[in-house]
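Here is how the chains run, residue by residue.
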Amino acid sequence: MNRCQIQEWYPNFKSCSIKTTIHELPESFVQYLLDDSGPFLLPLSITNYDALPNRVHKPEEEEDFVAVEGSGDEAEEPVPPPSFPELEMEIKASIESLGGAIFPKLNWSAPKDSAWISSTGNLKCTSFSEIALLLRSSDSVIHDLYHAYDSCTDKTASRPSSFFLALRKWYPSLKPEMEFRCFVHHKLLVGICQREVKGNFGSESYTFDVYVTKDGRVKLLDFNPWGASTLPLMFTWDELEEKLREGGNELEFRIVESRCGIRPGLKTAVPYDYLDTSQGSGWDQFLRNADEELRWQTSAGA
Ligand SMILES: Nc1ncnc2c1ncn2[C@@H]1O[C@H](COP(=O)(O)OP(=O)(O)OP(=O)(O)O)[C@@H](O)[C@H]1O
C-alpha cells in the first residue's frame, strides 16, 4: 500500500511517467481539508492580502455604530479565512514550471469525484484556490486522509504521518481508450502487458495504469495495490485469483470492442440530489413549482 503512494514510486519511474512536482503538505493544510465543522471557506490567496482589511466587515468601525450592552455580539469576531502563503507560493512556482496548468493528486488519489464542481468540469487547475476547492470537495481525497489503510491486514496506523500533493503536468486530450491497467501478481503480469514499463517496482502484486500516446509511447500514470479498493475494471478480483489458483500464467488482454463502451476515466460523480428525480425530491419540487408558475402566468396572460 505505501509503495503505491505517488511520492514513493514517482522518483524511481520519473523517466517514463508524466512530469510531476511533489509538495509535502503542512499539517495545518491537512487539518483544513479534514475540517467540516464550519462553513466551507476557500483559503485567502496571497494575491488578495492587500484587500483583506476591506473584506472583513467591522461594524464597530462604522460611523453610525452603537454598541448595545449585554447583547453578546461583541464576542462574535468574524472568522478570518484560512491562509497558507508558503504552500501557495511553492505551488504557484510549480504550476508555472509545469506549463501553467496541472492535474492535482494526493498520496494515492486524485479528486476525480469533484470534477463536476469546477468551472471546466475536469481536474485542470491553474491556481492554488482551484486545487483547494477540488481537494476539499472530494470523497476520494477523504479516503486517502482517513481510510487508506482500512483494508490492510497489517494496519498499524490510521493514516500516513505525512501527506503530499502531487502536481502533474496537465494533458488536455488524454483518450480514455488508450489507457490501460496492468495486473501484476507475484511479479507476473496476468492482466495486460506493456513492454516499455520495466518490472522494478518493489511489491510482488499490484496494478499499474499506462497511457499509450499517439506515436505509440507508453506513459506510466499510476500504481495501485492488488485488490483492496483498486477497481478490477473488466476483470473481477475473484476471476483473477481463480486464474492464478489454477496455475494459469497466460496474459489475458481485454478491450472494449464497441466505441460506446468507453467511458472517460474521470468519475462524473455529482451529488445524489442532482440525480434523484423521485417524487418529493428536490427536482420533483422544482418541476412542480415551475409547472405551477407556468400555469399561473398562462392564466394571468389569458
Ligand atoms: N496529467 C494529467 N492530465 C490530464 N488528465 C489526467 C492526468 N493524469 C491522469 N489523468 C486522468 O485522470 C484519471 C485518473 O487519474 P489517476 O489514475 O492518477 O487517479 P487515481 O485517483 O489514482 O485513480 P484510481 O484510484 O482509479 O487509480 C486518469 O485515468 C486520466 O484519465
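The notes below deal with the structure included here.

Thresholds applied
Residues numbered from 1 in each chain as written. Predicted model: local features only at pLDDT ≥ 70, side-chain atom pairs only at ≥ 80, totals over all residues. Heavy atoms only, no water. Near = heavy atom within 4 Å. Polar contact = N/O pair within 3.5 Å; in protein donor to acceptor, adjacent residues only side chain to side chain. Areas by Shrake-Rupley, 256 points an atom, 1.4 Å probe, with all protein chains shown as cover. Helix = DSSP H or I, 4+ residues; strand = E, 2+ residues; numbered from the N terminus. Nonpolar A, V, L, I, M, F, W, Y, C, P; charged D, E, K, R; others polar. Buried < 20%, exposed > 50% of the residue type's maximum accessible area, 1.4 Å probe, protein only. Arc of directions from axis to C-beta. Contact = heavy atoms within 4.5 Å. Salt bridge = Lys/Arg side-chain N within 4 Å of Asp/Glu carboxyl O. 1 Å grid on protein atoms, 1.4 Å probe; cavity = no way out; pocket = protein on both sides within 12 Å on 5 of 7 lines; lining within 4 Å. Points joined across faces, edges and corners; volume = space filled by probe spheres on them. Pairing = 2+ DSSP bridges. Phe/Tyr/Trp six-rings, centres within 6.5 Å; stacked < 30°, edge-to-face > 60°.

**Brief notes about the site of the ligand**
No. 1: By nearness alone, 18 residues border the ligand, and Lys 105, Ala 110, Lys 112, Glu 179 and Asp 222 come closest of all.
No. 2: Taking Trp 108, its main chain carries an N or O atom lying 3.2 Å from an oxygen atom of the ligand.
No. 3: Coverage of the ligand by the protein chains reaches 87% of its 630 Å² of free accessible surface.
No. 4: Only β2 (102-105), β3 (164-169), β4 (179-185) and β7 (218-225) provide two or more residues apiece to the shell around the ligand.
No. 5: The residue inventory of the shell around the ligand, partitioned by class, reads eight nonpolar, two polar and eight charged.

**A look at helix α7 (residues 237-245)**
No. 1: Listed as buried for α7 are Trp 237, Leu 240, Lys 243 and Leu 244. Buried residues of α7, viewed axially, fall in a sector of 130 degrees; they line one side. Along α7, exposed side chains directed more than 90 degrees from the buried face belong to Asp 238 and Arg 245.
No. 2: If you follow the buried residues of α7, they end up packed against β4 and β6 (206-212).
No. 3: In the segment just after α7, Gly 247 is the residue with positive phi, at about 80 degrees.

**What to know about the pattern of salt bridges**
No. 1: Applying the stated criterion to the full structure yields eight salt bridges.
No. 2: With a closest N to O distance of 3.2 Å, Arg 217 and Asp 215 form a salt bridge.
No. 3: Judged by its relative accessible area of 54%, Asp 215 is exposed.
No. 4: Two residues, Arg 245 and Glu 242, come together in a salt bridge whose shortest N-O distance is 2.8 Å. With Arg 245 and Glu 242 both in helix α7, this residue pair falls three residues apart, about one helical turn.
No. 5: On the basis of relative accessibility, which here comes to 61%, the residue Arg 245 falls in the exposed class.
No. 6: On the basis of relative accessible area, Glu 242 is assigned to the partly exposed category, the value being 33%.

**Topic: the layout of surface pockets**
No. 1: In this model, the second largest pocket occupies a volume close to 390 Å³.
No. 2: Taken together, 18 residues make up the lining of the second largest pocket; nearest its centre are Met 1, Asn 2, Tyr 149, Cys 152 and Asp 154.
No. 3: Split into classes, the residues belonging to the lining of the second largest pocket amount to nine nonpolar, six polar and three charged.

**Overview of the sheet that holds strand β5 (residues 188-189)**
No. 1: Strand order across the open sheet formed by four strands is β5-β4-β6-β7, with antiparallel pairing between neighbours. Each edge of the sheet is formed by a strand with only one pairing partner; in this case those strands are β5 and β7.
No. 2: Pairing of β4 with β5, which is carried by two bridges, proceeds in the antiparallel orientation. Each bridged residue has a counterpart across the sheet, and for Val 184 the counterpart in β5 is Leu 189.

**A few points about helix α2 (residues 27-34)**
No. 1: Turning to α2, its buried residues are Phe 29, Val 30, Tyr 32, Leu 33 and Leu 34.
No. 2: For α2, the elements touching its buried residues are α4 (85-97), α5 (128-136) and α6 (139-147).

**As for the packing of aromatic side chains**
No. 1: Applying the stated criterion to the full structure yields 16 aromatic pairs.
No. 2: Look at Phe 29 and Phe 128: their rings are 5.8 Å apart centre to centre, the planes differ by 40 degrees, and that puts the pair in the tilted class. One end of the pair, Phe 29, is in helix α2; the other, Phe 128, is in helix α5, and 99 residues separate them in sequence.
No. 3: On the accessibility criterion, Phe 128 (6% relative accessible area) is buried.
No. 4: Look at Phe 183 and Trp 237: their rings are 5.6 Å apart centre to centre, the planes differ by 75 degrees, and that puts the pair in the edge-to-face class. Separated by 54 residues along the polypeptide, Phe 183 in strand β4 and Trp 237 in helix α7 bring together distant segments of the chain. Per residue, the accessibility class of Phe 183 equals that of Trp 237, and both read buried.

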